[in-house]
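An overview of the molecular structure
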Amino acid sequence: MLQAMNTGHDGSMSTGHANSTYDMLSRLETMVLMAAPLPLEAIKKQIASALDIIIFLSRLRDHSRRTMEITEVIGYQKGEIVLNPLFVFEEEGEDENGRVLGTLKRTGNPLVNKLKARLRGVDIE
C-alpha cells in the first residue's frame, strides 16, 4: 500500500484499524516492519510522504460510528511524523434515547499542504 501511494499516482485510499490517528501511524510502522526489515526512520519517512489526510472514525458507546478527527499529515521532523488536526468531534451530551450528541468542529489549525488542492481547483483560502 505505501509503495503504491509513493509512486506518484495520487488518489489512493485505504483503511486500517487503530484507536487514534497516532495509533494508526504506529500500526502502519509495525505492519511494514513485519513485512520487511527496514530502518524505522525510513518507514516513518515513507508513511509521512504517502499520507496526506487521516480520517479517524470510532464507534461510540451508543454504538453509532462517527468521524472523530480529520488530520493532515504534514511531514517528518526530528524522528516523528508530524500531524495537524483540522477537525475534532466534540461531544455535547446524550439525547433522551442515549444517543451521543456532538459535532465535528474545526480546530482552527490551517491546512498546511495546499498544493494538491490547488492543482485540482479547490480554493482553500
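Structure: see above.
First, a word on what this report is: a plain description of the structure on this page. Quick caveat, the model's predicted, so the values are computed rather than measured.

About the thresholds
Residues numbered from 1 in each chain as written. Predicted model: local features only at pLDDT ≥ 70, side-chain atom pairs only at ≥ 80, totals over all residues. Heavy atoms only, no water. Helix = DSSP H or I, 4+ residues; strand = E, 2+ residues; numbered from the N terminus. Buried < 20%, exposed > 50% of the residue type's maximum accessible area, 1.4 Å probe, protein only. Contact = heavy atoms within 4.5 Å. Lys, Arg positive; Asp, Glu negative; His and termini not counted. Charge placed at Lys NZ, Arg CZ, Asp CG, Glu CD. Pairing = 2+ DSSP bridges. Axes fitted to C-alpha atoms, helices over the stretch in contact; angles between N-to-C directions. Salt bridge = Lys/Arg side-chain N within 4 Å of Asp/Glu carboxyl O. Polar contact = N/O pair within 3.5 Å; in protein donor to acceptor, adjacent residues only side chain to side chain.

Turning our eyes to something else, we now look at the overall build of the protein. In terms of regular secondary structure, the protein is built from four helices and four strands. Listing the helices and strands of the protein from first to last along the sequence gives α-α-α-β-β-β-β-α. Structurally, the protein occupies a C-alpha span of about 50 × 40 × 25 Å along its principal axes. Looking at the protein residue by residue over its 125 residues, the buried ones come to 28%. Long-range pairs, those at least 24 residues apart, make up 38% of the contacts in the protein between residues at least 6 apart in sequence. With 15 positive and 17 negative side-chain charges, the protein shows a spacing of 4 Å between the two charge centroids.

The strands making up a sheet associate through backbone hydrogen bonding, with each pair oriented either parallel or antiparallel. Taken together, the four strands give an open sheet; going across it, the order is 1-2-3-4, and neighbouring strands pair in antiparallel fashion. Either end of the sheet is taken by a strand with one partner, and the two such strands are strand 1 (53-59) and strand 4 (100-106). With strand direction ignored, the average angle separating the axes of adjacent strands in the sheet is 30°. In this structure, strand 3 (residues 80-94) lies alongside strand 4, joined through seven bridges in antiparallel fashion. If you follow Phe87 over to strand 4, its bridge partner there is Arg106. Lying over the sheet, helix 2 (residues 21-35) contacts strand 1, strand 2 (65-77) and strand 3, oriented at roughly 135° with respect to strand 3.

The next thing to look at is the side chain of Arg66. Looking at the secondary structure, you find Arg66 in strand 2. Although Arg66 lies buried, it forms no salt bridge, and the closest oppositely charged side chain, Asp62, sits 4.1 Å away as judged by the N-O distance. A distance of 2.6 Å separates a polar side-chain atom of Arg66 from the backbone oxygen of Val100. Residues contacting Arg66, with those up to four places away along its chain left out, are Phe56, Leu57, Ser58, Leu60, Phe89, Arg99, Val100 and Gly102.

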